[in-house]
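Each chain, letter by letter, is given below.
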Amino acid sequence: MATKASRAAARLMIAPSVILLLGWMIVPLSMTLYFSFLRYNLIMPGDNPFVGWENYYWFVTDPSFKAAMVNTLLLVGGVLFITVVGGTLFALLLDQPMWGQGIIRIMVISPFFVMPTVSGLVWKNMFMNPVNGIFGHLAKGMGFEPIDFFSEIPLLSIIGIVSWQWLPFATLILLTALQSLDSEQLEASEMDGASWISRFWFIMLPHLARAITVVVLIQTIFLLSIFAEILVTTNGGPGTATTNLTYLIYVSSLLQFDVGMGSAGGVIAIILANIVAIFLMRMIGKNLDA
Amino acid sequence: MARAVNTSRKSLNTAIAATLGLIMFFPVLWILILSFKSEIDAVRSPWQVLTAGWTMESYGAVQERSDYFKHFMNSVTISLGSTFLGLLIAIPAAWAMAFVPAKRTKDVLMWMLSTKMLPPVGVLVPIYLIFRNLGILDTRSGLVIVLMLMNLPIIIWMLYTYFREIPGEILEAARMDGASLREEVLYVLTPMAIPGMASTVLLNIILSWNEAFWTLNLTAAQAAPLTAFIASYSSPEGLFYAKLSAASIMAIAPILIMGWFSQKQLVRGLTFGAVK
């Protein structure tokens, strides 16, 4: 039983974390919100007048905003599709009896531990470079014209790189979920003559549904913030072909020094991420009750 | 599984899985190979690369050209610093929430988690300006603070789920036997909490080592950890494949090895207990 004294002590122990996180949340957030209503550019010093919704208006009506939104959607959607489908297949495969499972699993999950700047540069130079990259060499070896990935299919190339990084994450989580499946249920259905497909469809997939939802939600949070991979490969180009929302805000705020505009973009990014976060929080909250 | 598995099916599984595993791992394997080749051989066709002679020269060259060791130490300082500072703040909080739960504990936990959902780019401008005005742009202590705050919710959550698994009866038994609070924490709780804390530390070192938004935006030449240092290779050094490979291998090797040991904790830490 918790006494009054221990309650007070507990509060005191939680306080530093709460105060820090509260500060980390409220101070920069309210600054972003405040700046987003000012005309505030670091290279044009002035008195930073209040301009209402002007920054939002210019940010949203700029053609690069529409491009960035479409790219963000394609990037997140494309990577989610590849990693969820691929991750499910990988997890099903790794769950089968085999030799050297530990080593194979280590090989599959390794890309997740490669830092984003390294994977961006390695794929860009060693694989996708049309002259010296492996894909270029292979294409030439087979008599094809090598593809210049980052000028012909820039967004697809980035989707590929990011999928390579996140496929292990999806695999690992789905594999964990799959291993918690009661094997007796599977055996019973097998004895009753259920085919492999119906076993997958009616037993495994419903069991995985929750894990898949978690993968989708968590990855979406991270994928909305993809930055380093774009910075080291394409710098958002050619044109705005690979500029996502995060990168666009980075360009406005730290390259064009437009604090007001960058902040307006920041507010939009926060709202977007929150829509996803609400669903994720609900799932986690439910789990906490159990 | 109690089912008998026939050998041919097992061989087939192994063959398919090993092939896919190799494909996923290939980029890492390939830069490992390239890092031991000379600059001229590294840009040849794959077959010529494999048959070319081996050399260690790139590893030396990377250090000489750009003081690699400094950036490596920056990474070490930043990731260890932010993890242990976070642990220091998180342990009391997680301990209190796990063992003295109150009505609002769940809300507090959920709220802490919600701070993790904040996209970093949403607060890029204010953090950048605060850092500039405080004069901590491009310092290691600045990054330690930001990464600690980024990961604090994960640390608290992981510790909380581990602490909750410690049965309360054991603590009660210790108390009945006349253990003081200090003894209880020191001799009963700590030994049982150490594996959980170790996992938390491991995952958080990995996360902060690879963090590439704040490290890229808040550092320049001085405090740049390896993420930012490697980014400077995007041009024109990116054309030096052997050196880029050597720098990359040194940057990812420690964390790759740690990652292999933390697969289970990764699932727990990154799904906040939603998948077990």
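As the structure is a computational prediction, the values presented were derived from the model and not from experiment.

Caption draft 1: View of the pattern of salt bridges. Residues and elements named next belong to chain A. On inspection of all chains with the given rule, the structure shows five salt bridges over all chains. In this structure, Glu54 and Arg39 form a salt bridge, with 3.2 Å as the shortest nitrogen-oxygen distance. Of this pair, Glu54 sits in helix H2 (residues 54-61) while Arg39 sits in the loop between helix H1 (4-35) and H2, and the two are 15 residues apart along the sequence.

Caption draft 2: Broad picture of the UniProt feature "transmembrane region" (unreviewed entry) in chain A. Mapped onto this numbering, the UniProt entry annotates "transmembrane region" (unreviewed entry) at residues 12-37, 73-94, 106-123, 153-178, 199-227 and 247-280 of chain A. A distance of 40 Å separates the end C-alpha atoms of residues 199-227 of chain A, which is 86% helix and 0% strand.

Caption draft 3: Main features of empty space enclosed by the protein. Tallied over the entire structure, the rule returns seven cavities of 30 Å³ or more. Considering only enclosed or pocket space, the largest cavity measures out at about 780 Å³ in volume. Lining the largest cavity are 33 residues, with Trp166 and Phe222 of chain A together with Asn210, Glu211 and Ala212 of chain B positioned closest to its centre. Here the residues of the lining of the largest cavity are counted per class, giving 24 nonpolar, six polar and three charged. In this structure, the second largest cavity spans a volume of roughly 60 Å³. The element best represented in the lining of the second largest cavity is helix H13 (residues 259-289) of chain A, accounting for three residues. Here the residues of the lining of the second largest cavity sort into seven nonpolar, two polar and no charged.

Caption draft 4: Broad picture of the packing of aromatic side chains. Overall, the coordinates contain 34 aromatic pairs over all chains when judged by the stated rule. Ring centres of Tyr247 of chain A and Tyr250 of chain A lie 5.3 Å apart, and the angle between their planes is 55°; on these two criteria the pair is classed as tilted. Residue Tyr247 of chain A and its partner Tyr250 of chain A are both found in helix H12 (residues 245-255); the two are separated by three residues, about one turn of the helix. On the basis of relative accessibility, which here comes to 2%, the residue Tyr247 of chain A falls in the buried class. Members of the aromatic cluster, connected to one another through ring pairs, are Trp123, Phe127, Phe135, Phe149 and Trp164 of chain A together with Phe26 and Trp30 of chain B. One residue, Lys37 of chain B, lies across the ring of Trp54 of chain B, its end atom 3.6 Å from the ring centre.

Caption draft 5: View of the interface of chain B and chain A. On the side of chain A, 98 residues touch chain B, which itself brings 108 residues to the contact. In total, about 9100 Å² of surface goes out of reach between chain B and chain A, with carbon and sulfur atoms giving 79% of it. Among the residues chain B hides against chain A, the three largest losses belong to Met24, Met117 and Gln263 of chain B. Together they make up 8% of the total. Remark: the boundary between chain B and chain A carries zero salt bridges. At the surface where chain B touches chain A, the tally comes to 13 residue pairs in polar contact (both at pLDDT 80 or more). Residue contributions to the side of chain B that touches chain A peak at 20 residues, all from helix H1 (residues 7-34) of chain B.

Caption draft 6: Fine view of a positive patch on the surface. A surface patch of positive charge is lined by Arg7 and Arg11 of chain A together with Lys103 and Arg104 of chain B. The exposure class assigned to Arg7 of chain A is partly exposed, which follows from its relative accessible area of 32%.

Caption draft 7: Expanded view of the environment of Val27 of chain A. Relative to the helices and strands, Val27 of chain A resides in helix H1. For Val27 of chain A, a relative accessible area of 42% translates into the label partly exposed. The contact partners of Val27 of chain A, leaving out residues within four places of it in the chain, are Leu22 of chain A together with Ile130 of chain B.

Caption draft 8: Expanded view of the UniProt feature "domain: ABC transmembrane type-1" (unreviewed entry) in chain A. UniProt feature "domain: ABC transmembrane type-1" (unreviewed entry): in the numbering of this structure it lies at residues 69-280 of chain A. Within the segment residues 69-280 of chain A, helix and strand shares are 76% and 0% respectively, and the terminal C-alpha atoms sit 22 Å apart.

Caption draft 9: Layout of the domain arrangement of chain B. Parsing chain B into structural domains produces domain 1 (7-58) and domain 2 (67-234). Each of domain 1 of chain B and domain 2 of chain B was reduced to a C-alpha centroid, and the two centroids are 36 Å apart.

Caption draft 10: Inspection of unusual backbone geometry at higher detail. Positive phi outside glycine occurs at Asn235 of chain A, with the angle close to 55°. Along the polypeptide, Asn235 of chain A turns up in the loop between helix H11 (228-233) and H12.

Caption draft 11: Broad picture of the UniProt feature "transmembrane region" (unreviewed entry) in chain B. Following the UniProt record, one finds the feature "transmembrane region" (unreviewed entry) at residues 12-36, 76-96, 108-131, 143-163, 184-207 and 240-261 of chain B. Overall, residues 76-96 of chain B shows 100% helix and 0% strand. The separation of its end C-alpha atoms is 30 Å.

Caption draft 12: Looking closely at helix H6 (residues 105-116) of chain B. The first and last C-alpha atoms of H6 of chain B sit 17 Å apart over 12 residues, in line with the 16 Å expected at 1.5 Å per residue. The set of residues buried in H6 of chain B consists of Thr105, Leu109, Met110, Met112, Leu113, Thr115 and Lys116 of chain B.

Caption draft 13: Spotlight on the packing of helix H5 (residues 68-99) of chain B against helix H10 (residues 181-210) of chain B. All names here are of chain B. Where H5 contacts H10, the axes come no closer than 9 Å and their chain directions differ by 140°. In terms of their interaxial angle, H5 and H10 are classed as oblique. The element H5 and its partner H10 pack so that their crossing is right-handed. Of H10, the residues touching H5 (which contributes Phe72, Ser75, Val76, Ser79, Leu80, Ser82, Thr83, Phe84, Leu87, Ile91, Trp95 and Phe99) are Leu181, Val185, Leu189, Met197, Val201, Asn204, Ile205, Ser208 and Trp209.

Cut-off values and rules
- Residues numbered from 1 in each chain as written.
- Chains lettered and ligands numbered in written order.
- Predicted model: local features only at pLDDT ≥ 70, side-chain atom pairs only at ≥ 80, totals over all residues.
- Heavy atoms only, no water.
- Salt bridge = Lys/Arg side-chain N within 4 Å of Asp/Glu carboxyl O.
- Helix = DSSP H or I, 4+ residues; strand = E, 2+ residues; numbered from the N terminus.
- UniProt positions renumbered as here; feature names shortened; annotations may be inferred.
- 1 Å grid on protein atoms, 1.4 Å probe; cavity = no way out; pocket = protein on both sides within 12 Å on 5 of 7 lines; lining within 4 Å.
- Points joined across faces, edges and corners; volume = space filled by probe spheres on them.
- Nonpolar A, V, L, I, M, F, W, Y, C, P; charged D, E, K, R; others polar.
- Phe/Tyr/Trp six-rings, centres within 6.5 Å; stacked < 30°, edge-to-face > 60°.
- Buried < 20%, exposed > 50% of the residue type's maximum accessible area, 1.4 Å probe, protein only.
- Lys NZ or Arg CZ within 6 Å of the ring centre and 35° of its normal.
- Contact = heavy atoms within 4.5 Å.
- Buried area = accessible area lost by both parts, 1.4 Å probe.
- Polar contact = N/O pair within 3.5 Å; in protein donor to acceptor, adjacent residues only side chain to side chain.
- Patch = residues over 30% accessible without salt bridge, like charges linked within 9 Å, V, L, I, M, F, W, Y side chains within 5 Å.
- Areas by Shrake-Rupley, 256 points an atom, 1.4 Å probe, with all protein chains shown as cover.
- Lys, Arg positive; Asp, Glu negative; His and termini not counted.
- Charge placed at Lys NZ, Arg CZ, Asp CG, Glu CD.
- Domains from an automatic or database assignment.
- Expected span 1.5 Å × (residues − 1).
- Axes fitted to C-alpha atoms, helices over the stretch in contact; angles between N-to-C directions.
- Parallel < 35°, antiparallel > 145°, perpendicular 65-115°, else oblique.
- Left-handed = near helix turned anticlockwise from the far one by under 90°.

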